[in-house]
Amino acid sequence: MNIANFPWLTTIILFPIAASLLLPIIPDKDGKTVRWYSLIVGLIDFVLIVCAFYTGYDFSNPDLQLVESYPWVPQLGLNWSLGVDGLSMPLVLLTGFITTLAILAAWPVTLKPKLFFFLILAMYGGQIAVFAVQDMLLFFLVWELELVPIYFLLSIWGGKKRQYAATKFILYTAGGSLFILLSSLTMGFYGDTVTFDMRSLALKDYALNLQLLLYAGFLIAYAVKLPIIPLHTWLPDAHGEATAPVHMLLAGILLKMGGYALIRMNAQMLPDAHAYVAPALVVLGVVNIIYAALTSFAQRNLKRKIAYSSISHMGFVLIGIASFTDLGLSGAVLQMVSHGLIGASLFFLVGATYDRTHTLMLDEMGGVGKKMQKIFAMFTTCSMASLALPGMSGFVAELMVFVGFATSDAYNPTFKVIVIFLMAVGVILTPIYLLSMLREIFYGQENEELVSHQNLIDAEPREVFIIACLLIPIIGIGFYPKLLTQMYDATTVQLTARLRDSVPTLAAEKAVQNVSLTAPIIGK
């Protein structure tokens, strides 16, 4: 078979799912064979993703690539339609990278290891499918199916309140998904032709009132997943009860599904509605940044503190999406990838710290840096990345969103000044609560009761390797952002041009410029 025609995306999605079906029949008493098998499957799939990226992805092409389309249920107009572009390819790579590391992070799991790794591998294929499918009904199906593994991973391997957290997660996310289905069916049946192909749906001429209604439906669903305040309360509860590998999947990939879908469906397919709703997205983004940062201050539980920090950082994604500038939208995509790496690293270290101290309460810690120097160094480095230290990916992403919004001509100067000021306040708050967190965990006088009852051993080679793998792209992107931005620049520039054409004032200015450029020179 010609490598150019190889079904890369189908293989990448179905391989881990098919491999997971073999787990129940693998003979294994203590879980060692199962975890090695799962790690090998994860590595093979990640290698396939990298091969597809190098052989079939063109940086300069803004359109869909690696396109595949096969009839699935023709009676319903449902096709197995796949493709990636600059919006999805970075997130597919991120998914493969984070999930493979999450499998390695799950090495200590001894409770029902076959079921645990089965769910992880099934989720692997499902999450990649969310970023690759190009059929709205298929998108809804994989979006729903991807929720099931998370529910069981929380309810079986979670903490004391795992049933509450898992139930709240499924109710919020499944409830929001209903709006995806209703909006998708409305778009598919609108007009003379019935289709659920995303490219065809984007070309339909929807009435503005209908666009606004569809936009609201999608926004509710993706606001839950991003999450956007006030639909965020499931996330601190889920993170508060999850294990380290599940943390990595939640923070590293799951939240990015909301940001990706917001760009793909709301902005790309409903640009006229986006022009009207964008100011509200900016306001919601500012609320996310400020409210979540202040709430993080009040948290004494380490997992919940980092969870609210994640919500705060996702506010920059909203502002970038609503900026109507190439730089702002590029910064939003970069922030999703950057936070995926940073969030996964922080939550993994939270899990490693809990495994040693057996407490998540900051009041019960103190001075553990003397006994856990490697964990102290890694936790400090990852926290510096989270607070946007120059030289780290978070700094570049937030700076791009800042400058992109500041230079936007879609908003009046007063509104921009207020938003930029509040964003700056959020940036100032972040290092305060993160540095305070580090001080309470690692500095100061040792908690004698904790030290006497727990064996505070330092990081093992597996844990150091996982954090090193995450820090390499975090620092690499921080020093050379083009390493990532060149993957999606062509797509974001094309999308921004379309969004700007939907803003009446910007479209009018463009029309005037075009007239002046084409007007004949008098007297010549």
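Quick notes on the rules
- Residues numbered from 1 in each chain as written.
- Predicted model: local features only at pLDDT ≥ 70, side-chain atom pairs only at ≥ 80, totals over all residues.
- Heavy atoms only, no water.
- Disulfide = S-S within 2.5 Å.
- Buried < 20%, exposed > 50% of the residue type's maximum accessible area, 1.4 Å probe, protein only.
- Axes fitted to C-alpha atoms, helices over the stretch in contact; angles between N-to-C directions.
- Helix = DSSP H or I, 4+ residues; strand = E, 2+ residues; numbered from the N terminus.
- Parallel < 35°, antiparallel > 145°, perpendicular 65-115°, else oblique.
- Contact = heavy atoms within 4.5 Å.
- Nonpolar A, V, L, I, M, F, W, Y, C, P; charged D, E, K, R; others polar.
- Expected span 1.5 Å × (residues − 1).
- Pairing = 2+ DSSP bridges.
- Left-handed = near helix turned anticlockwise from the far one by under 90°.
- Patch = residues over 30% accessible without salt bridge, like charges linked within 9 Å, V, L, I, M, F, W, Y side chains within 5 Å.
- Areas by Shrake-Rupley, 256 points an atom, 1.4 Å probe, with all protein chains shown as cover.
- Salt bridge = Lys/Arg side-chain N within 4 Å of Asp/Glu carboxyl O.
- Polar contact = N/O pair within 3.5 Å; in protein donor to acceptor, adjacent residues only side chain to side chain.
- Phe/Tyr/Trp six-rings, centres within 6.5 Å; stacked < 30°, edge-to-face > 60°.

Looking at the state of the cysteines
- Taken as a whole, this structure holds 0 disulfides when the rule is applied.
- C382 provides the cysteine sulfur closest to C469, a residue in no disulfide bond, and the two sulfurs are 12 Å apart.
- By relative accessible area, C469 is classed as buried at 16%.

Remarks on the packing of helix 1 (residues 8-20) against helix 2 (residues 32-56)
- At a closest axis distance of 10 Å, the pairing of helix 1 and helix 2 adopts a crossing angle of 180°. The orientation of helix 1 relative to helix 2 falls into the category roughly antiparallel. Note on element contacts: helix 2 touches helix 1 through Y37, V41, I44, D45, L48, I49, C51, A52 and T55, opposite W8, T11, I12, F15, P16 and A19.
- Looking at the contact of helix 1 with helix 2 residue by residue, the classes come out as 12 nonpolar, 2 polar and 1 charged.

What about helix 7 (residues 162-189)?
- Taking 1.5 Å as the rise per residue, helix 7 with 28 residues should run 40 Å; its terminal C-alpha atoms sit 41 Å apart, in good agreement.
- All of the buried residues along helix 7 are A165, A166, K168, F169, T173, G176, S177, I180, S183, S184, M187 and G188.
- Along its buried surface, helix 7 packs onto helix 5 (136-145), helix 6 (147-157), helix 8 (198-203), helix 9 (208-225), helix 10 (234-241) and helix 11 (244-269).
- Backbone geometry just downstream of helix 7 places G191 in the positive-phi region, at approximately 90°.

Side note on the pairing of strand 2 (residues 78-84)
- Within strand 2, 6 of the 7 residues are buried, which leaves it mostly tucked inside the rest of the structure.
- With 6 bridges joining them, strand 1 (residues 65-73) and strand 2 adopt antiparallel strand pairing. Across the sheet, residue S69 finds its bridge partner in strand 2, namely S81.
- The antiparallel pairing of strand 1 with strand 2 creates a hairpin that spans 4 residues between the two strands, and G77 there sits at a positive phi of about 70°.

What about the packing of helix 2 against helix 3 (residues 89-105)?
- The interhelical angle for the contact between helix 2 and helix 3, taken along N-to-C directions, is 160°, at an axis separation of 9 Å. Between helix 2 and helix 3, the angle falls in the class roughly antiparallel. Crossing angle aside, the handedness with which helix 2 passes helix 3 is left-handed. For the pair formed by helix 2 and helix 3, the contact residues are R35, S38, L39, G42, L43, F46, I49, V50 and F53 on the first element and M89, V92, L93, G96, F97, T100, I103 and L104 on the second.
- A class-by-class count of the residues in the contact of helix 2 with helix 3 yields 12 nonpolar, 4 polar and 1 charged.

Topic: a nonpolar patch on the surface
- Together, L294, F297, I428 and I432 line one region of the surface with nonpolar side chains, adding up to about 350 Å² of accessible area.
- Among the elements of the structure, helix 12 (271-298) and helix 17 (413-442) are those that each provide at least two residues to the nonpolar patch.
- Locating I428 in the fold gives a position in helix 17.

Concerning the pattern of salt bridges
- Tallied over the full model, the rule gives 10 salt bridges.
- With a closest N to O distance of 3.9 Å, E146 and K225 form a salt bridge. You can see E146 sitting in the loop between helix 5 and helix 6 and its partner K225 sitting in helix 9, a full 79 residues away along the chain.
- E146 gets classed as buried once you look at its relative accessible area, which sits at 1%.
- A relative accessible area of 1% means that K225 is categorised as buried.

Describing helix 13 (residues 302-321)
- Helix length check: helix 13, at 20 residues, gives a terminal C-alpha distance of 30 Å against a target of 28 Å (1.5 Å per residue), a fit within 8%.
- With 19 of its 20 residues buried, helix 13 lies for the most part within the structure.
- Where helix 13 begins, the capping side chain belongs to N301, and its oxygen is found 2.9 Å from the backbone nitrogen of K303.

Some details on the side chain of R264
- Relative to the elements of secondary structure, R264 occurs in helix 11.
- Sequence-distant contacts of R264, defined by excluding residues within four places in its chain, comprise D85, L87, S88, Q134, M198 and M269.

Quick word on the packing of aromatic side chains
- Evaluation of the coordinates by the stated rule reveals 27 aromatic pairs.
- For the pair F6 and W8, a centre-to-centre distance of 4.8 Å together with 65° between the ring planes defines the contact as edge-to-face.
- The class of F6 is partly exposed, set by a relative accessible area of 31%.
- Taking relative accessible area as the criterion, W8 reaches 8% and is therefore assigned buried.

A few points about unusual backbone geometry
- Of note, the bond from L226 into P227 is cis; its omega dihedral lies within 30 degrees of zero at -10°.
- Inspection of the secondary structure puts P227 in the loop between helix 9 and helix 10.
- Residues I229 and P230 are joined by a peptide bond in cis, for which omega reads 15°.
- At F324, a residue that is not glycine, the phi angle is positive and equals roughly 60°.
- For F324, the position within the fold is in the loop between helix 13 and helix 14 (326-357).
- You will see that H358, though not glycine, has its phi angle at about 60°, which is positive.

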